[in-house]
Amino acid sequence: MSEADRPLDALNAARGKRVLIELKNGKQFVGVLKAFDIHINIVLDNAEERNNGEVVRKIGKAFLRGDTIILISSE
């Protein structure tokens, strides 16, 4: 496995870009990936909660706990 193939490298490449994050409870959040750690705890800036693609609420800066995340994708 090359260094570019590691999951944390993929996350690092997405830093500063908008990402979509889905949680185990079905909630979705979109925002700019600011930071993460080895537990995949995520900090998003300009975050918003979405339901079926519609913005439910604007949150601003958000911290999402890594063990609740099931999906991270570029928007």
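Structural notes, computed from the coordinates. (Residues numbered from 1 in each chain as written. Predicted model: local features only at pLDDT ≥ 70, side-chain atom pairs only at ≥ 80, totals over all residues. Heavy atoms only, no water.)

## Some thoughts on the overall build of the protein
For the protein, the count of helices and strands is one helix and five strands. Secondary structure elements of the protein, listed N to C terminal, follow the sequence α-β-β-β-β-β. The C-alpha radius of gyration of the protein comes to 12 Å, within 12% of the 11 Å expected for a compact globule of 75 residues. Along the longest, intermediate and shortest principal axes, the C-alpha atoms of the protein span 40 × 25 × 20 Å. Of all 75 residues assigned to the protein, the portion counted as buried reaches 29%. In the protein, the proportion of contacts linking residues at least 24 apart, taken out of those at least 6 apart, comes to 37%. In the protein, 12 side chains carry a positive charge and 11 a negative one; their mean positions are 5 Å apart. (Helix = DSSP H or I, 4+ residues; strand = E, 2+ residues; numbered from the N terminus. Rg over C-alpha atoms; globule rule 2.2 N^0.38 Å. Buried < 20%, exposed > 50% of the residue type's maximum accessible area, 1.4 Å probe, protein only. Contact = heavy atoms within 4.5 Å. Lys, Arg positive; Asp, Glu negative; His and termini not counted. Charge placed at Lys NZ, Arg CZ, Asp CG, Glu CD.)

## Quick look at the pattern of salt bridges
Summed over all chains, the structure comprises seven salt bridges. Salt-bridge contacts for arginine 18 lead to glutamate 48; the nearest nitrogen and oxygen are separated by 3.9 Å. Of the two residues, arginine 18 is situated in strand β1 (residues 18–23) and glutamate 48 in strand β3 (residues 42–51); the sequence distance between them amounts to 30 residues. Its relative accessible area of 8% is what places glutamate 48 among the buried residues. Glutamate 49 is the salt-bridge partner of arginine 57, the closest N and O atoms lying 2.7 Å from each other. (Salt bridge = Lys/Arg side-chain N within 4 Å of Asp/Glu carboxyl O.)

## What to know about the pairing of strand β2 (residues 28–36)
Across five bridges, β1 lies against β2 in antiparallel orientation. Bridge assignment links valine 19 to a residue of β2, and that residue is glycine 31. Between the antiparallel neighbours β1 and β2 lie four residues, among them glycine 26 with a positive phi of about 95°. With antiparallel pairing between neighbouring strands as the criterion, β2 and β3 make up a hairpin whose turn holds five residues, including isoleucine 40 at a positive phi of roughly 60°. (Pairing = 2+ DSSP bridges.)

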